[in-house]
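Secondary and tertiary structure notes
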Amino acid sequence: MTDHRLSVDALLALEHRGWAALTRHEGGDFYGELMTADALMILVNGMVLDRETIAASLNESPAWSTFTLEDARLVPTGEASAALVYRATASRDGQDEPFVALMSSHYTLREGRPALTLYQQTTVTH
């Protein structure tokens, strides 16, 4: 059975906190703390970013003005790990079309807390 700290509700709350940080130019700080030392983010544009790069650069990225996270599903991957898969829709001021993608965030427990080990975005075409 998956640890309650890796439940769909707990991980979705972490994802909401991360997206909220991205609305305040605090994503680098948030993800720098949340990611494991060897974690990666794979973005829809093909970029693969490590924790150091995320922590150093994400605060400077354009902020999201709105976001919604829907259809969250939990995939247990071990006794102390799980993946959360969900659909995100987000907009930035001045952007004509919203960003819509499926997200997959893999977490493992480190020192009693969920830590992000791998994050991947997949574009949803209309």
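In what follows, the accompanying structure is described.

**Considerations on the side chain of T117**
Position of T117 relative to the elements: it lies in strand 6 (residues 113-123). Accessibility expressed as a relative area gives 18% for T117, which makes it buried. Dropping the residues within four chain positions of it, T117 is found in contact with T36, A39, L40, H106, Y107 and T108.

**Focus: the nonpolar core**
In terms of nonpolar packing, the biggest core is built from 30 residues, with W19, Y31, Y86, M103 and L116 touching the most fellow members. When contributions to this core are tallied by element, the ones reaching two or more residues are helix 1 (8-23), helix 2 (27-34), strand 1 (35-42), strand 4 (81-91), strand 5 (99-110) and strand 6. No other element matches the six residues that helix 1 contributes to this core.

**Focus: the sheet that holds strand 3 (residues 66-78)**
Taken in spatial order, the six strands of this open sheet run 2-1-6-5-4-3, and their pairing is mixed. Every interior strand has two partners, whereas the edge strands, strand 2 (48-50) and strand 3, have only one. Here the average twist between neighbouring strands, direction ignored, is 20 degrees. As judged from the three bridges shared by strand 1 and strand 2, these two strands associate in the antiparallel manner. Its bridge partner being in strand 2, L40 is matched across the sheet by D50.

Scoring rules and cut-offs
Residues numbered from 1 in each chain as written. Predicted model: local features only at pLDDT ≥ 70, side-chain atom pairs only at ≥ 80, totals over all residues. Heavy atoms only, no water. Helix = DSSP H or I, 4+ residues; strand = E, 2+ residues; numbered from the N terminus. Buried < 20%, exposed > 50% of the residue type's maximum accessible area, 1.4 Å probe, protein only. Contact = heavy atoms within 4.5 Å. Core = buried A, V, L, I, M, F, W, Y, C linked by side-chain atoms within 4.5 Å. Pairing = 2+ DSSP bridges. Axes fitted to C-alpha atoms, helices over the stretch in contact; angles between N-to-C directions.

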